[in-house]
Amino acid sequence: MNKIFLLITTTPYHPNAQRALDFAKKTLADGKTLQVFFYGDGAYVANRLRWQTADVADVADDWQKLHDEYGLALPVCVGTALARGVSDNQNAVRHGLDGDNLRSPFYLVGLSNFALALDDDTTLIQF
């Protein structure tokens, strides 16, 4: 069975952020296996202090709904998240930051988690 893996590298404000979300919704609704990984500017979606105007859909809310409905894991690369000011409590303490702002159910992982999830039966799509 072919696994589909979405590598999200775009900011939450770019049109590709919504395209990635739409693709994920359709893939999961079709009963296919899906994994995601937020990397680079994609880490901004996990910032719980990011505010969105009411006239624009917040993709983070929709990713959370996919997590709640399908159990979709929402891993974020720790290195790129920290470089963009997104941190969980553990890393905030470790690096002497003033606080944490990682939105649940997103969680921080090393880049190796991404590499280990890929195999010959994986279709990688980047948004």
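Residues numbered from 1 in each chain as written. Predicted model: local features only at pLDDT ≥ 70, side-chain atom pairs only at ≥ 80, totals over all residues. Heavy atoms only, no water.

Draft legend 1. View of the overall build of the chain. Within the chain, the regular secondary structure consists of five helices and five strands. Starting at the N terminus and ending at the C terminus, the chain contains elements arranged as β-α-β-α-β-α-α-β-α-β. Each principal axis of the C-alpha distribution contributes one length, and for the chain these read about 45 × 40 × 25 Å. Within the span of the chain, comprising 127 residues, buried residues form 43% of the whole. In the chain, once contacts between residues fewer than 6 apart in sequence are set aside, the share between residues at least 24 apart is 76%. (Helix = DSSP H or I, 4+ residues; strand = E, 2+ residues; numbered from the N terminus. Buried < 20%, exposed > 50% of the residue type's maximum accessible area, 1.4 Å probe, protein only. Contact = heavy atoms within 4.5 Å.)

Draft legend 2. Structural context of the pairing of strand 2 (residues 34–38). Summarising burial for strand 2: four of the five residues are buried, a large majority. Here strand 1 (residues 3–8) runs beside strand 2; their pairing, made up of five bridges, is parallel. Looking across to strand 2, one finds that Ile 8 is bridged to Phe 38. As for the winding sense of the linkage, the β-α-β connection from strand 1 through helix 1 (residues 15–29) to strand 2 is right-handed. (Pairing = 2+ DSSP bridges. Right-handed = clockwise from strand over helix to strand, strands pointing away.)

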